[in-house]
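Single-letter residue listing:
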Amino acid sequence: MNFLKKIIMLVPYKLKQSHFVSSFFWMTAIMVTLLFFWMLSSIIGDGFQALSWEFIFDNPSDSGRSGGIAPILISTVLILLICSLTTLPLAIATAFLIAEFIPENHFFSIIIKRSLDILASIPSIVYGLFGNIVFCKMMGLGFSILSGGLTLACMILPILILTSEQTFRSISKAHRQGSEALALSKFTTLFQVYLPCAIPALTAGFILGLGRATAETAALIFTSGYVDRMPDSVMDSGRALSIHIYDLTMNVPGGSNNAYGTALLMIIILLITNSSINWLTQRWNHNLTAQND
Amino acid sequence: MTLLRHNILSKSVRDQVLVFVLIISSLTTIALVCFIFLFLILESLPALSANEFSQWLSDPSWHPTEGQYNLYPIMIGTLAIAGGSVIITTPIGIASAIFLHYYAPTPVAIFFRRIIELLAGIPSVIYGFWGLVVLVPVIIQIAPPGQSVLAGIIVLSMMTLPIITLATETALICVPHSTIYGGYALGLSKISVITKIILPQAKPGIVSGVFLQTGRAIGETMVVLMVCGNVIQIPDSILDPARTLTANIALEMAYATDIHRSSLFVTGLMLLLSISCLTVINEFFKKNHHARTL
Amino acid sequence: MTNTTRQHPHQATKLPLTESKNHLEIKNLSITYHTKKILENISMMIPRHSITAIIGPSGCGKSSFLSCINRLIDLTPKTQFSGEIYFNQHPVLNTKSDLILLRKKIGTIFQKPNPFPMSIKKNIQIALKEHGTKDSKELDRITRQVLQDVGLYDEVSDRLNDSALHLSGGQQQRLCIARAIALQPELLLMDEPCSALDPISINIIENLITRLSKQYTILIVTHNLAQARRISSSTAVFWPTNGIGELIEYGATEQIFEQPKNQITADYIRGYRA
């Protein structure tokens, strides 16, 4: 910041008042926007040629250079399913505990918060190493969809807890007095008051977490593996979409055409998740304001 | 835990069971952190005990199969790439946030924010892919071999830009309006109000964004793995290839055994410790600032 | 009044102070926010070195009126204004007028003290530096001078480098006044400067305002009728009619409080209408 300040200090007084400064900010924004569209257009342009219904429903052949990505989609979905089945209950329980039961400055709540901060900052490759020892080696799951899903579960746990905690805090303002006035037990409060009305916001947080999980590559390389066959069970190794892109670009000469297709598919998924998060959050805010009125 | 029990008014059995279950599940979070540290340390021990500490910096080079474990060039590569991207992104990110908040007309701001959010969501492997198939060929035109520190810095900067922009923007929103009006009322120009009154107040938020972004840049694997060339050497210029700690793990984990494998866990542990340090320093800064303003 | 060409900042400082008795002239000022009118047809002539109090119930547009004079209203989106304001015979509402010079010449004190979160010294010097005083001795001299002017120097002289946020509310407000007069403005706008303060601080600030009126023209918005009566020489009463603020009476303070011409004013100052 001092750097920025010094640059601005060099600008003579009169220039500061002119449009010079404002055009500097516009230029920055335009540059960022252009870079973004350069990237997006190259992926969309080449990706459209590869993307088709056959691409989605076919098996890959010739190490993925031709054919489709059906087994890869299935593996990805299975990994995400395992990941969400493990994290959701844990995340909601932890969030409910720290939002409702423990005062914010209680040592237990501080320890959990610090742990979450650390978990959120750990690089994904370290999660990959951890998953490799614990799930693949120690628990004997080997390179499998199950190991991959569990590793991702550890990784998205902090995001899910933080978003759900915010959700619970924002409802508790509206409902806490109400349910306490009725002397409802915490059990009833959680399952009959909070969960039903928090669904949109919890879902938004959940989709955000899943988005992160879908985007993840490094944590999966040594846990779910590379195999691009159709998985028979969750104990089989399965290749996720992101690993497919990585493998096609780095290890398979001439695989970039299908990598473009897969990348475009991932961007489409991203656009869908982003807009659904926006939509759900808007609905949630709308609900909250409606309650407060 | 005794304190917890006092906070619960209701004595219903169901509630007690609920609290028990909740506490058990939140303990998972704490346990997870402990386990991650524990297992990385355990797996690193063989390599740490087999090698002298100085060997990690003074061996002739990194040839784990021949018993040479010099991490120095890889650490330099990591610092060069992460540092370069932080230096580029910080001013651009802060400028983008200022643009978003104080210069852009509303429709432009909405549009620009959408772009930043999309940039934040794009998977790192797609950044790496784009860098390899689009950006690297452009750099080859200027100076071969193309896969280089420069390519890594550019792609990593695009990837971490949203972090600093969104952090700065959040900090800008929290600056009290009364001081902004006070600044204008004294006849300060817009840019002076921004640099002298708003930015100092937003500083803690911005600093914490920079820390966050540094952590991401150091810990990022896919981008650097795909565009930096992965040659183990101290890069002479930004056009030379280099290898980072994360890429090293990703490349060698597949075939590493015994001490080699264990030495990869040592690098993992180094990453973990350095990023935890960043998190702790960040917390310290926040607390320190909080104490000063109150 | 015919002078509508754009003034270059450095030329404008050299323009002679006009000998006109009226320091500030407001003609037919109306303000619209979104589609709602908040002020209509305000006309006032404010003489040099006088204290003018603006009183009236909440929501009658008093604060918007002040923010039109220093053009801080430009920071509120979707606001339009029409009419004319002349400050030293320069048109204020002209889109091309130099806002920075204008705000340098018109000091503003806000309802809630708003010192910047930096040292006391820096609070005063930040604007001075911006407006071209570079010499550090000169800066320190002005800092001491204005702090003495507001009676704060003895209280804070040993901790000029401490954060201004550590001062009490009354001290913060005096610091804000010191910050404003450091720029040697000609006009001071005060938007309920005492409403967030305790009675002792109010007393100190009222005395300060009376002293300042020898050098500056002061326009003060207040909810405290007794205060208006104590310190001002003339008073303007704003009243919302159907939600639109109007100037219902304007004259010498004594006349307004002793023999109000308007029935609403009479009721208001006797406390019948609040």
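Whatever comes next refers back to the structure up there.
Structure report, in brief. Keep in mind the model is a prediction, meaning the values are calculated, not measured.

Conventions we followed
Residues numbered from 1 in each chain as written. Chains lettered and ligands numbered in written order. Predicted model: local features only at pLDDT ≥ 70, side-chain atom pairs only at ≥ 80, totals over all residues. Heavy atoms only, no water. Helix = DSSP H or I, 4+ residues; strand = E, 2+ residues; numbered from the N terminus. Rg over C-alpha atoms; globule rule 2.2 N^0.38 Å. Contact = heavy atoms within 4.5 Å. Areas by Shrake-Rupley, 256 points an atom, 1.4 Å probe, with all protein chains shown as cover. Lys, Arg positive; Asp, Glu negative; His and termini not counted. Charge placed at Lys NZ, Arg CZ, Asp CG, Glu CD. Axes fitted to C-alpha atoms, helices over the stretch in contact; angles between N-to-C directions. Parallel < 35°, antiparallel > 145°, perpendicular 65-115°, else oblique. Left-handed = near helix turned anticlockwise from the far one by under 90°. Nonpolar A, V, L, I, M, F, W, Y, C, P; charged D, E, K, R; others polar. Core = buried A, V, L, I, M, F, W, Y, C linked by side-chain atoms within 4.5 Å. Buried < 20%, exposed > 50% of the residue type's maximum accessible area, 1.4 Å probe, protein only. Domains from an automatic or database assignment. Polar contact = N/O pair within 3.5 Å; in protein donor to acceptor, adjacent residues only side chain to side chain. Patch = residues over 30% accessible without salt bridge, like charges linked within 9 Å, V, L, I, M, F, W, Y side chains within 5 Å. Salt bridge = Lys/Arg side-chain N within 4 Å of Asp/Glu carboxyl O. Buried area = accessible area lost by both parts, 1.4 Å probe. 1 Å grid on protein atoms, 1.4 Å probe; cavity = no way out; pocket = protein on both sides within 12 Å on 5 of 7 lines; lining within 4 Å. Points joined across faces, edges and corners; volume = space filled by probe spheres on them. Expected span 1.5 Å × (residues − 1). Bend = angle between axes of the 7 residues up to and from the residue. Phe/Tyr/Trp six-rings, centres within 6.5 Å; stacked < 30°, edge-to-face > 60°. Lys NZ or Arg CZ within 6 Å of the ring centre and 35° of its normal. Pairing = 2+ DSSP bridges.

### Side note on the overall build of chain C
Move 1: Within chain C one finds eleven helices and ten strands.
Move 2: Compactness check: chain C gives a C-alpha radius of gyration of 19 Å against a globular reference of 19 Å for 274 residues, within 12% of the reference.
Move 3: Projecting the C-alpha coordinates of chain C onto the three principal axes gives extents of approximately 55 × 45 × 35 Å.
Move 4: Summarising the internal contacts of chain C: among those between residues at least 6 apart in sequence, 68% fall at separations of at least 24.
Move 5: Total accessible area computed for chain C in this model is approximately 12600 Å², and 49% of it derives from carbon and sulfur atoms.
Move 6: Where the 32 positive side-chain charges of chain C centre and where its 25 negative ones centre are 4 Å apart.

### Focus: the packing of helix 3 (residues 20–50) of chain A against helix 4 (residues 72–103) of chain B
Move 1: Orientation of helix 3 of chain A relative to helix 4 of chain B, taken along the N-to-C sense of each, is 110°, at an axis distance of 9 Å. Judged on the interaxial angle alone, helix 4 of chain B and helix 3 of chain A are roughly perpendicular. The two elements helix 3 of chain A and helix 4 of chain B cross, and the hand of that crossing is left-handed. Contacts between helix 3 of chain A and helix 4 of chain B pair Val-21, Ser-22, Phe-24, Phe-25, Trp-26, Thr-28, Ala-29, Met-31 and Val-32 of chain A from the former with Ile-92, Ala-95, Ser-96, Ile-98, Phe-99 and Tyr-103 of chain B from the latter.
Move 2: Here the contact of helix 3 of chain A with helix 4 of chain B is built from residues that sort into twelve nonpolar, three polar and no charged.

### A closer look at the nonpolar core
Move 1: Within the largest apolar cluster, 230 residues are counted, with the highest numbers of intra-cluster contacts made by Phe-168 of chain A, Ile-36, Ile-126 and Tyr-127 of chain B together with Leu-147 and Ile-218 of chain C.
Move 2: Looking at this core, the element that brings in the most residues is helix 5 (residues 70–101) of chain A, giving 13 residues.
Move 3: Viewed by domain, this core spans two of them, domain 1 (2–50) and domain 2 (59–293) of chain B, each represented by three or more residues.
Move 4: Residues Ile-31, Ile-42, Ile-85 and Leu-219 of chain C belong to the second largest nonpolar core, which totals 28 residues.

### Notes on the side chain of Thr-76 of chain A
Move 1: Along the polypeptide, Thr-76 of chain A turns up in helix 5.
Move 2: A polar contact is formed between the side chain of Thr-76 of chain A and the backbone oxygen of Ile-72 of chain A, at a distance of 2.6 Å.

### Overview of the environment of Leu-85 of chain A
Residues and elements named next belong to chain A.
Move 1: In this fold, Leu-85 is placed in helix 5.
Move 2: Residue Leu-85 is classed as exposed on the basis of its relative accessible area, which comes to 63%.
Move 3: Taking the C-alpha atoms as reference, Leu-85 lies 19 Å from Leu-190; in sequence the two are 105 residues apart.

### Description of unusual backbone geometry
Residues and elements named next belong to chain C.
Move 1: A positive phi is found at Lys-78, a non-glycine position, where the angle reads about 65°.
Move 2: Counting through the fold element by element, Lys-78 comes out in the loop between helix 2 (62–69) and strand 4 (79–87).
Move 3: Backbone geometry places Asn-242, a non-glycine residue, at a positive phi of 55°.
Move 4: The exposed category is assigned to Asn-242, whose relative accessible area is 78%.

### What about a nonpolar patch on the surface?
Move 1: Taken together, Val-13, Val-17, Phe-20, Val-21, Ile-24 and Leu-27 of chain B make up a surface patch of nonpolar side chains, about 560 Å² in accessible area.
Move 2: By the secondary structure assignment, Phe-20 of chain B is in helix 2 (residues 13–50).

### A word on the interface of chain A and chain B
Move 1: Taken together, the 85 residues of chain A in the interface contact 87 residues of chain B.
Move 2: A combined buried area of about 7700 Å² lies between chain A and chain B, and 83% of that area is made up of carbon and sulfur atoms.
Move 3: Our enumeration of links across chain A and chain B arrives at one salt bridge.
Move 4: For Arg-114 of chain A, the salt bridge goes to Glu-283 of chain B, with nearest N and O atoms at 3.3 Å.
Move 5: In the side of chain A that touches chain B, the residues fall into 61 nonpolar, 18 polar and six charged.

### Here's the deal with empty space enclosed by the protein
All names here are of chain A.
Move 1: Tallying each qualifying case throughout the model produces one cavity of 30 Å³ or more.
Move 2: Approximately 40 Å³ is the volume attributed to the largest cavity.
Move 3: Around the largest cavity, the lining residues are Thr-76, Ile-79, Leu-80, Leu-152, Ala-213, Thr-214, Glu-216, Leu-220, Ala-240, Leu-241 and Ser-242.
Move 4: Those elements giving two or more residues to the lining of the largest cavity turn out to be helix 5, helix 9 (186–215) and helix 11 (241–250).
Move 5: Of all the elements, helix 5 adds the most residues to the lining of the largest cavity, at three residues.
Move 6: Its residues assigned to classes, the lining of the largest cavity comprises seven nonpolar, three polar and one charged.

### A look at helix 4 of chain B
Move 1: Between the first and last C-alpha of helix 4 of chain B there are 45 Å, a value that for 32 residues agrees with the 46 Å anticipated at 1.5 Å per step.
Move 2: If you look at helix 4 of chain B, its biggest bend is around 30°, right at Thr-89 of chain B, and the proline Pro-91 of chain B turns up within four residues after that.

### Comments concerning the packing of aromatic side chains
Move 1: Scanning the model with the defined rule gives 17 aromatic pairs over all chains in all.
Move 2: Seen from their ring centres, Phe-24 of chain A and Phe-25 of chain A are 5.2 Å apart, and the 65° between their planes marks the pair as edge-to-face.
Move 3: Aromatic pair Trp-38 of chain A and Trp-130 of chain B: ring centres 5.1 Å apart, planes at 85°, arrangement edge-to-face. Taken together, the residues Trp-38 of chain A in helix 3 and Trp-130 of chain B in helix 6 (residues 124–142) connect one chain to another.
Move 4: Owing to a relative accessible area of 34%, Trp-38 of chain A belongs among the partly exposed residues under this scheme.
Move 5: Residue placement shows Lys-190 of chain B over the ring face of Tyr-103 of chain B; its charged tip is 4.3 Å from the ring centre.
Move 6: Directly above the aromatic system of Phe-116 of chain C lies the positively charged group of Arg-179 of chain C, at a separation of 4.3 Å from the ring centroid.

### Overview of the pairing of strand 1 (residues 22–33) of chain C
Residue and element names in this part refer to chain C.
Move 1: Where strand 1 lies against strand 2 (residues 36–47), eight bridges are found, and the strand directions are antiparallel. Within strand 2, the position partnered with Thr-32 by the bridge is Lys-37.
Move 2: Hairpin remark: strand 1 followed by strand 2, antiparallel, with two residues in the connecting loop; positive phi at His-34, about 55°.

### Digging into the environment of Ala-204 of chain A
Residue and element names in this part refer to chain A.
Move 1: Assignment of secondary structure puts Ala-204 in helix 9.
Move 2: The class of Ala-204 is buried, set by a relative accessible area of 8%.
Move 3: Spatially, the C-alpha atoms of Ala-204 and Ile-267 are 18 Å apart, while their sequence positions differ by 63 residues.

Functional significance is not addressed by these values, which are geometric in nature.
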